[in-house]
Amino acid sequence: MAPLIEIKEVSKTYSIGAFRVEALKRVSISVEPGEFVSLVGPSGSGKSTLLHIMGFLDRPDSGEYCFAGHPTASLGEGRLAAIRSRMVGFIFQSFHLLKRTTARDNVLLPMVYTGLGADSQKALECLRIVGLSDRVKHKSNELSGGQCQRVAIARSLVNDPLVIMADEPTGNLDAVSRAEVMQVLKDLNARGLTVVIVTHDDEISAMTDRVVRLKDGVIVSDERRRSPRPAAAAASALPQARLGFSPSEFWEQLKVAFKSIWSHKMRSALTVLGILIGVGAIISLMTISEGFMKNMLMNTSADDAKKVYVTPRYSRGRNPRQLAMSDVEAIRAGVPLAENVSPMLSRTLTVSAGDKHVSTTINSDEGYETGRQLADRKFFKNSGVQGRFFTPAENLSRARLAVINQTLAKRLFEDGDAVGGELRINGIAFTVVGVAEDIKAESLFGGRPTAYIPFNTAAKRVFGTTRLTYIEVAARSPEEAPETRTQILTALRAAHGLREDADDDVEVNTFEASINMFKSMMGKVSMVVYSIAGISLLVGGIGIMNIMLVSVTERTREIGLRKALGARNTDILSQFLIEAVALCVVGGGLGIGLGLTLGWAASVFIKVQPELTFRTIAFAFGFSTVIGVAFGFWPALRAAMLDPIEALRYE
Ligand code: ADP
């Protein structure tokens, strides 16, 4: 049978600056299956270096290493991880158990990296072998040193290795525990397992079957006291590198991630603050704008879609041409497609009743559009909404009558019962003939106080001007609205005597175009909020990166341990990526909560029901994940690239 370990002419040199230490100088040694070998020698003689090379934790600079008859020099990282996972069980002087973790879960750990899933039964069996059946549920901090080392031995056994390698396994133990641990190792060897230990203690080496003595990087003696035990046959092939991830590993990584987040509650909370605020801002904006859009679409009728609006055209450096009644006449005469043409006057003035004064939008139109709209929409038929609209005759006689909306009624009249009440606009007395429900579009902005007065009254008595705020034209159908718009432009250009090549001097927009303009304006506002949120997310992401770097540093030894137990670089990478993503997703989840709260709070001021759509939630979580991956990658990569031995030695 081929030796299990065959090392030929292996050298290893460490250099620290210009200083070089030859830790191993052309060392050759072979170990047969079933041997119990101790490597002894004074401190610094190269024992640990040799053991680490044997255990695939380190590579030699030169020389050859055949394991179970197979040369190992050309094996890749994945392959070496598979060998560490399936064929070698490592034990360390300082145990390296996972903190705050039960004996059983510590023993289960190496199984994570076989990709075959955890087998609790097997873990319990290994704990029984080391005599710890009664300590299965104890956490590492509730065990004595000797018990910890026995848990570590159970852990090294759990994947049925060919060889156990122990680096000063009794170095941290008292005499009794030392004897116990050595007894366990002897028993394992008696069952045919190969054992190699490093020790500087002659009492310990005296308990082994073969003592190999090193000094200054060379083997100075090799004393075999007993021939090897009959061993179980060495594996004929080395295991292949594992590809992909098993569900059990993913689950384990998720558990570790949340445990780590939970064990640093405060730190995690502060870290996710940036993500929380960024996502919160985006979510609140999205819920509000979705609600706004829905509300707007709900409130537009076929009637609205027929509308075309004429407004003064504002351009830089020029006073806009004012709209006058002559323009209304020009449209009435020159636009056959127009069904109704309403000149509109609108100003903001103070309205008073008794000692109350309210800044109010005063609207009036000659085409009775408002009255028709109000009547059409049955605003008067709602309970508590009373009165009537003024008649054309009252308009002609410049009657001082007003219809006011509910918001204004509540502000001016104590009991809201306004019909028949008196109010003053610009010092002119009016009688209230009707109270109308707030038009939805107005109520969006928290119910602006609004009053409607007859057009002639407004023009002649109140505003003293017929400079129109805008002209509202209704086409015969929504389909004809664009054509109506063209006719209006032509009619007004002719009326204003514009030359062919002159720019339009008024703005004419269909309702649809206005909606689109509104949408694009909302889009611009959103862009501003999104950029601010983006900065918050960037800062949040940097916070995540920072804390992940801290976490990697804190857990350097744990990373080394996981690698020694068979974790691949990709396992460590995904471990930390999952943790970063978990942090971000937690932040994103809280951000959704914050965003909704803000959305609801805003809905008190803007009367819009915030809309939470699946798209919004998917966006928040998707975005958080992307940030987690983007900002977690560099720390995770640093963790993955750590050298196992240096990581284990990290103080
Ligand atoms: P032993 O286990 O016999 O005490 P080691 O194998 O740990 O000895 O070390 C052998 C020599 O190599 C020592 O002189 C040590 O200082 C040096 N050495 C070990 N590891 C490193 C390292 N990572 N960097 C630099 N020198 C090292």
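What counts, and at which threshold
- Residues numbered from 1 in each chain as written.
- Predicted model: local features only at pLDDT ≥ 70, side-chain atom pairs only at ≥ 80, totals over all residues.
- Heavy atoms only, no water.
- Helix = DSSP H or I, 4+ residues; strand = E, 2+ residues; numbered from the N terminus.
- Rg over C-alpha atoms; globule rule 2.2 N^0.38 Å.
- Contact = heavy atoms within 4.5 Å.
- Areas by Shrake-Rupley, 256 points an atom, 1.4 Å probe, with all protein chains shown as cover.
- Patch = residues over 30% accessible without salt bridge, like charges linked within 9 Å, V, L, I, M, F, W, Y side chains within 5 Å.
- Salt bridge = Lys/Arg side-chain N within 4 Å of Asp/Glu carboxyl O.
- Lys, Arg positive; Asp, Glu negative; His and termini not counted.
- Charge placed at Lys NZ, Arg CZ, Asp CG, Glu CD.
- Core = buried A, V, L, I, M, F, W, Y, C linked by side-chain atoms within 4.5 Å.
- Buried < 20%, exposed > 50% of the residue type's maximum accessible area, 1.4 Å probe, protein only.
- Domains from an automatic or database assignment.
- Pairing = 2+ DSSP bridges.
- 1 Å grid on protein atoms, 1.4 Å probe; cavity = no way out; pocket = protein on both sides within 12 Å on 5 of 7 lines; lining within 4 Å.
- Points joined across faces, edges and corners; volume = space filled by probe spheres on them.
- Nonpolar A, V, L, I, M, F, W, Y, C, P; charged D, E, K, R; others polar.
- Near = heavy atom within 4 Å.
- Polar contact = N/O pair within 3.5 Å; in protein donor to acceptor, adjacent residues only side chain to side chain.
- Axes fitted to C-alpha atoms, helices over the stretch in contact; angles between N-to-C directions.
- Phe/Tyr/Trp six-rings, centres within 6.5 Å; stacked < 30°, edge-to-face > 60°.
- Lys NZ or Arg CZ within 6 Å of the ring centre and 35° of its normal.

1. Overview of the overall build of the chain
When its secondary structure is counted, the chain shows 23 helices and 19 strands. At 42 Å, the chain has a C-alpha radius of gyration far larger than the 26 Å of a compact globule built from 651 residues. Over its C-alpha atoms, taken along the principal directions, the chain stretches across nearly 130 × 60 × 40 Å. Long-range pairs, those at least 24 residues apart, make up 77% of the contacts in the chain with a sequence separation of at least 6. As presented, the chain carries roughly 29900 Å² of accessible surface, and 57% of it is formed by carbon and sulfur atoms.

2. Brief notes about a positive patch on the surface
There is a patch of like positive charges on the surface, built from Lys99, Arg100, Lys139, Lys255, Lys259 and Arg557. Of note, lysine 99 is situated in the loop between β6 (88-91) and α3 (103-112).

3. Structural notes on the nonpolar core
One finds Ile5, Leu39, Met54, Phe67, Ile83 and Val88 to be the most contacted residues of the largest nonpolar core, which totals 75 residues. When residues in this core are grouped by element, the largest group, 10 residues, is from helix α21 (residues 569-605). Here this core gathers at least three residues from each of two domains, domain 1 (5-241) and domain 2 (257-297 + 516-649). Ignoring any residue separated from it by four or fewer positions in sequence, one finds isoleucine 5 in contact with Ile29, Ser30, Val31, Met54, Tyr65, Cys66, Phe67 and Met165. Residues Val310, Leu468, Ile471 and Val508 belong to the second largest nonpolar core, which totals 47 residues.

4. Concerning the pairing of β6
Burial along β6 is two-sided: the residues Val88 and Phe90 and Gly89 and Ile91 are all buried. Where β6 lies against strand β7 (residues 163-167), 4 bridges are found, and the strand directions are parallel. For phenylalanine 90, the partnering residue across the bridge sits in β7 and is methionine 165.

5. Here's the deal with empty space enclosed by the protein
For the structure shown, the criterion picks out 4 cavities of 30 Å³ or more. Empty space within the largest cavity amounts to approximately 80 Å³. Around the largest cavity, the lining residues are Arg84, Ser85, Val88, Gly89, Phe90, Pro110, Arg155, Ser156, Asn159, Pro161, Ala564 and Leu565. Of all elements in the fold, only α2 (77-86), β6 and α5 (145-157) reach the threshold of two or more residues within the lining of the largest cavity. Top contributing element to the lining of the largest cavity by residue count: β6, with 3 residues. Broken down by class, the residue content of the lining of the largest cavity amounts to 6 nonpolar, 4 polar and 2 charged.

6. Points about the site of the ligand
Within the structure, the ligand sits among 13 residues, and Gly44, Gly46, Lys47, Ser48 and Thr49 are positioned closest to it. Note that an oxygen atom of the ligand is positioned 3.0 Å from one of the backbone N or O atoms of lysine 47. One nitrogen or oxygen atom from the side chain of arginine 649 is found 3.1 Å from a nitrogen atom belonging to the ligand. Protein contact buries 73% of the 560 Å² of open area that the ligand shows by itself. Secondary-structure elements contributing two or more residues to the shell around the ligand are β1 (5-16), β2 (19-31) and α1 (47-54). The element best represented in the shell around the ligand is α1, accounting for 3 residues. A breakdown of the residues in the shell around the ligand according to their chemical character gives 5 nonpolar, 6 polar and 2 charged.

7. Here we look at the sheet that holds strand β8 (residues 194-198)
Within the open sheet, the 6 strands sit side by side as β6-β7-β8-β3-β9-β10. Their pairing is mixed. The open sheet terminates on both sides in strands that have one partner only, identified here as β6 and β10 (218-224). For this sheet, the mean inter-axis angle between neighbouring strands, taken without regard to orientation, is 15°. Sheet strands in contact with α1 are β3 (36-40), β6, β7, β8 and β9 (210-215), and its direction is about 150° off that of β7.

8. Details of the pattern of salt bridges
Throughout the structure, instances matching the rule amount to 31 salt bridges. With its nearest N and O atoms 2.9 Å apart, the salt bridge here joins arginine 267 to glutamate 554. With a gap of 287 residues between them, arginine 267 in helix α9 (residues 265-271) and glutamate 554 in helix α19 (residues 511-554) connect regions that are remote in the sequence. The network of salt bridges with shared partners includes Glu35, Arg210, Asp222 and Arg224.

9. A closer look at the domain arrangement of the chain
With domains assigned, the chain is organised as domain 1 (5-241), domain 2 (257-297 + 516-649) and domain 3 (302-511). Once you take the C-alpha centre of each, domain 2 and domain 3 turn out to be 49 Å apart.

10. Some words on the packing of aromatic side chains
Inspection of every chain in the model, using the stated rule, returns 6 aromatic pairs. Ring geometry for phenylalanine 56 versus tyrosine 65: centroids 5.1 Å apart, planes at 20°, classification stacked. Neither residue differs from the other here; phenylalanine 56 and tyrosine 65 are each classed as buried. Here lysine 265 stacks its cationic end above the ring of tryptophan 262, 4.4 Å away from the centre of that ring. Of note, arginine 568 hangs over the ring of phenylalanine 245, and the distance from its end group to the ring centre comes to 5.3 Å.

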